[in-house]
Every structure is written in structure tokens, then in C-alpha cells.
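Observations on the model geometry
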Amino acid sequence: MSCPLASFRVLDTTAFTCACQSGYMETPNVVLCVACFYQCGECSSNIDTCTSCGLNSFRTKSGSSCNCNSGYYDDGSSKACQQCHFSCTTCNAAGASAC
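Our subject in this report is the structure included herewith. The structure displayed is predicted, hence computed values, not measured ones.

Considering a nonpolar patch on the surface
- Nonpolar side chains collect at one region of the surface, where M1, L11 and F16 lie side by side and expose about 350 Å² of accessible area between them.
- Mapped onto the fold, L11 is located in strand β1 (residues 9-12).

If you want it as C-alpha cells, here you go:
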């Protein structure tokens, strides 16, 4: 048994099913798994409903979101938060040195 190529699925050898890869979610009646929102490590029910944050992403789960830890900022596209400039305690999406 194997999973369809380019479906973003992996074979679950225990259940003998093709489950979505980490960072993807099931969609009803569709073979392809859909990517979770960039901030999520895992998601369910909606692509932007995070059930966990990615490893080494410098994010902490808050409700159904994964927010950047103190000293890091969200650049709007990367799974991992970016580190603020060393001279900043906090910074924002304008960049590492936007204290």
C-alpha cells in the first residue's frame, strides 16, 4: 500500500491509511491535504485554527493562534518567528530593529 504522490499524505502503517503530513489537514471529499496557516504547526477544522505550534518556531500557543515569543517578531510569512535586534526588548513586523 502507498499514498498518492503529491497528496501531502504519509502511510500510517498501524491503521493502514494515508494520513495528512504534519502541518496539513484533511478536507472532506478531497484527496489532497491542505496546508495549515503559516503560523500553525498543526491545525484542525480550519487552516488557521492552530492545535499546536511548530518546533523551533519561537511561538507559543494562545487560544487557537501561535504568537511570537518575547524578543521575536512575525514577518508575515515564515513559520518561525524572527529574532529582534539585540538592542531591542521587543520589535514588530517592521523588522528586527523596529523596537
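Picking up after the structure, the text goes on.
Quick word on the state of the cysteines
- One pass over the structure, following the stated rule, counts 8 disulfides.
- Linked covalently through their sulfurs, C36 and C43 form a disulfide whose S-S length is 2.1 Å. Taking the sign of the S-S torsion, about -80° here, the bridge from C36 to C43 comes out left-handed.
- For C43, a relative accessible area of 8% puts it in the buried group.

Observations concerning the environment of C18
- Assignment of secondary structure puts C18 in strand β2 (residues 17-20).
- Taking C-alpha positions, C18 is 9.3 Å from F8, a pair spaced 10 residues apart along the chain.
- When neighbours within four sequence positions are excluded, C18 is seen to be in contact with M1, S2, C3, P4, R9, V10 and E26.

Thresholds, definitions, all that
Residues numbered from 1 in each chain as written. Predicted model: local features only at pLDDT ≥ 70, side-chain atom pairs only at ≥ 80, totals over all residues. Heavy atoms only, no water. Patch = residues over 30% accessible without salt bridge, like charges linked within 9 Å, V, L, I, M, F, W, Y side chains within 5 Å. Areas by Shrake-Rupley, 256 points an atom, 1.4 Å probe, with all protein chains shown as cover. Salt bridge = Lys/Arg side-chain N within 4 Å of Asp/Glu carboxyl O. Helix = DSSP H or I, 4+ residues; strand = E, 2+ residues; numbered from the N terminus. Disulfide = S-S within 2.5 Å. Buried < 20%, exposed > 50% of the residue type's maximum accessible area, 1.4 Å probe, protein only. Contact = heavy atoms within 4.5 Å.

In short, shape yes, function no, at least from these values alone.
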